[in-house]
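# A structural walkthrough
Read off the chains here:
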Amino acid sequence: MANPHKHAEFIVEACTEDHHRNKTAARASFNGLLQEAPSGVSTSIANALSQQLIYQMQLLEPGKFVSFEDLNVDLDSAAFPYVQASARDALARAIAARGEVMQVNSSYRTVAQQMLLYNDRFNNSNPVAPPGASNHQTGLAIDIEDPRGWDPFLIEQGWEPLGGDPPHFDYLGDDVVDFRATAILAFQKLWNLNNPSAAIDEDGSFGPGTESALLQTPATGFPIAPWADSPRPLRLSTPRMEGADVFALQEKLKAAGFAIAPDGELGPKTAEAIQEFQKKKGLEVTGIATADLVNQIG
Ligand SMILES: [Zn+2]
């Protein structure tokens, strides 16, 4: 396998500082292009776009890029809990061996989040890798609390601490690929789907055309989502699902009499309404709004 630590463009980023920034920066209401994002803003302003990018990566690499939200973890609300399947299995073993909750501050960082950090790099004393060059785009990275307490359990399972960046671990075990090219390719495919008259190369590398396109991408996501043909199941998750599909679901729930103020973000109230609807209809109460369920609402 390619060792992510030996990637030519790799920069040791300041993971603690990035986390601090996302914790303290305001989650501004922002619906502009990535290039218009205010300096110092939380990268969560691009969560709707980030969810589209992760989904597109999963379409490109079926079964290989998975959530670890169901493990014994306490996730920061801005952390996308996605790693490659073998890294997830190793993480599960490490957490089970210690028998404690793992506090995860960050894991997968999409190229949209990385673009926001990179575009703001001159206002930041910390090093920032360009999109597609961060270890947080490999699908093999986590930043955690109590890193030295976790060292023996993680190292035993192939997760290695990164020198000079205390909260950061990379999975260096078998059966993985470097997802950084996949991350760029996913963006390029989504861009081309939505901008056929301004198509860019689908080459998986972050060149000037791709950088320009990414800067001109709406933080709230593309009009045509990667789940356009096959709607994603909607449920309460961390980070919360956001997008036009969530908004449409909320409008239907509201029209059906539920006390919902549609905002395009699937929080606890929307999840409760889904459950209530299922209960009312005598369906299994899963809290998951599949396409079929959404059609039943209205
Ligand atoms: Zn990190």
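Once a new chain begins, its residue numbering starts again from 1 and follows that chain's sequence as written. Given that this is a predicted model, residues contribute local features only at a pLDDT of at least 70 and side-chain atom pairs are listed and counted only at 80 or more, while totals for whole chains, interfaces and linings are drawn from all residues. With hydrogens and water set aside, each side-chain value is computed from the structure's full complement of heavy atoms.

### Let's talk about the sheet that holds strand 5 (residues 141-144)
Strand order in the open sheet made by the 5 strands is 2-4-5-7-6, with mixed pairing throughout. Across the chains shown, the open sheet's two edge strands, defined by having one partner strand only, are strand 2 (73-75) and strand 6 (159-161). Shown here is a sheet whose adjacent strand axes are inclined to one another by a mean of 40°, direction ignored. Pairing geometry for strand 2 and strand 4 (residues 102-106), over 3 bridges, is parallel. The partner of Leu75 across the bridge, within strand 4, is Val104. For this analysis, residues touch if any pair of their heavy atoms sits within 4.5 Å. Between N-to-C directions, angles cover 0 to 180 degrees, with each direction set by a line fitted to C-alpha atoms, over the stretch in contact for helices. Secondary structure counts use DSSP, requiring at least four H or I residues in a row for a helix and at least two E residues in a row for a strand, with both numbered from the N terminus. Running at roughly 145° to strand 6, helix 5 (residues 147-156) makes contact with strand 4, strand 5, strand 6 and strand 7 (168-171) of the sheet. Any two strands are treated as partners once DSSP identifies two or more bridges connecting them.

### Looking at the nonpolar core
If you look at the biggest cluster of nonpolar residues, it comprises 34 residues, and the most contacted ones within it are Leu34, Leu53, Met57, Phe65, Tyr108, Val111 and Phe187. Elements represented by at least two residues in this core include exactly helix 2 (47-60), helix 4 (111-119), helix 6 (180-194) and helix 7 (208-215). Not counting the four nearest positions on each side in its chain, Leu34 is found in contact with Ala46, Leu49, Ala112, Met115, Leu116, Asn119, Leu214, Leu215, Thr217 and Ala219. By nonpolar core is meant a set of buried Ala, Val, Leu, Ile, Met, Phe, Trp, Tyr and Cys residues that side-chain atoms within 4.5 Å join together. Here the term buried applies to any residue with accessible area under 20% of the maximum for its type, exposed to any over 50%, and partly exposed to those in between, with areas from a 1.4 Å probe on protein chains only. Counting 21 residues, the second largest nonpolar core, distinct from the first, contains Phe68, Met102, Val104 and Leu140.

### So, the packing of aromatic side chains
Between rings of Phe, Tyr and Trp, where Trp is taken as its six-membered ring, a pair exists when centres lie within 6.5 Å; planes separated by under 30 degrees are stacked, by over 60 edge-to-face, and by other angles tilted. Inspection of every chain in the model, using the stated rule, returns 9 aromatic pairs. Between Trp159 and Tyr171 the ring centres are 5.5 Å apart and the planes differ by 50°, which places this aromatic pair in the tilted class. Highlighted residues: Trp159 in strand 6 and Tyr171 in strand 7, separated in sequence by 12 residues. Like Tyr171, Trp159 is buried. With a centroid separation of 6.2 Å and 35° between ring planes, the pair formed by Phe187 and Phe222 is classed as tilted. In this pair, Phe187 is assigned in helix 6 and Phe222 in the loop between helix 7 and helix 8 (244-255), connecting sequence segments 35 residues apart. Just as Phe187 is buried, Phe222 falls in that class too.

### A few points about the coordination of the zinc ion
Water is not part of the atom set, so a site may look incomplete; the donors themselves are N, O and S atoms within 2.8 Å of the metal, or 3.2 Å for Na, K and Ca. The protein atoms donating to the zinc ion are Cys15 (SG), His136 (NE2), Asp143 (OD) and His168 (ND1), with metal-donor distances spanning 2.0 to 2.1 Å. Coordination at the zinc ion is tetrahedral: its 4 donor atoms span angles of 99 to 117° at the metal. Summarised as a motif, the one-chain spacing of the donors to the zinc ion is C-x120-H-x6-D-x24-H. Of the two residues, His136 is situated in the loop between helix 4 and strand 5 and His168 in strand 7; the sequence distance between them amounts to 32 residues. Like His136, the residue His168 is buried in the burial classification. Every geometry call rests on angle ranges, with four donors termed tetrahedral when all angles are between 85 and 135 degrees, four termed square planar and six termed octahedral when opposite donors are over 155 degrees apart and all others are between 65 and 115, and everything else termed irregular.

### Points about the domain arrangement of the protein
Bear in mind that the domain bounds are from an automatic or database domain assignment. Split by domain assignment, the protein resolves into domain 1 (4-171) and domain 2 (244-297). Between the C-alpha centres of domain 1 and domain 2 there is a distance of 30 Å.

### Remarks on helix 2
Expected span of a helix, by definition, is 1.5 Å for each gap between consecutive residues, and there is one gap fewer than residues. Under the 1.5 Å per step criterion, the end-to-end length of helix 2 is 20 Å for 14 residues, consistent within 8% with the ideal 20 Å. Counting buried residues along helix 2, 10 of its 14 residues qualify, which places the element largely inside the surrounding structure. Residues of helix 2 that are buried include every one of Asn47, Ala48, Leu49, Ser50, Gln51, Gln52, Leu53, Ile54, Gln56 and Met57, and no others. On its buried face, helix 2 sits against strand 1 (65-67), strand 3 (82-84), helix 4 and helix 6.

### Comments concerning the packing of helix 4 against helix 7
Relative to each other, helix 4 and helix 7 sit at 95°, their axes nearing to 10 Å. The angle between helix 4 and helix 7 places the two elements in the roughly perpendicular class. Within the contact between the two elements, helix 4 uses Val111, Ala112, Met115, Tyr118 and Asn119 and helix 7 uses Glu211, Leu214 and Leu215. For the contact of helix 4 with helix 7, the class distribution of residues is 6 nonpolar, 1 polar and 1 charged. Put simply, angles under 35 degrees are roughly parallel, angles over 145 are roughly antiparallel, angles from 65 to 115 are roughly perpendicular, and the rest are oblique. Charged means Asp, Glu, Lys or Arg here, nonpolar means Ala, Val, Leu, Ile, Met, Phe, Trp, Tyr, Cys or Pro, and polar covers whatever is left, Gly included.

### Some points on the packing of helix 6 against helix 7
For the pair helix 6 and helix 7, interaxial distance at closest approach is 11 Å and the crossing angle is 65°. Taken together, helix 6 and helix 7 sit at an angle that is classed as roughly perpendicular. Where helix 6 crosses over helix 7, the handedness of that crossing is left-handed. Taking contact as the criterion, the partners of Ile184, Phe187, Gln188 and Trp191 in helix 6 are, on helix 7, Thr210, Ala213 and Leu214. Residue composition of the contact of helix 6 with helix 7, by class: 5 nonpolar, 2 polar and no charged. In this scheme, a crossing is called left-handed if the near helix is turned counterclockwise away from the far one by less than a right angle; it is called right-handed if the turn is clockwise.

### What about helix 3 (residues 85-98)?
The end-to-end C-alpha distance of helix 3, which contains 14 residues, comes to 20 Å, matching closely the 20 Å that a straight helix rising 1.5 Å per residue would cover. Just past helix 3, the residue Gly99 takes up positive phi, approximately 75°.

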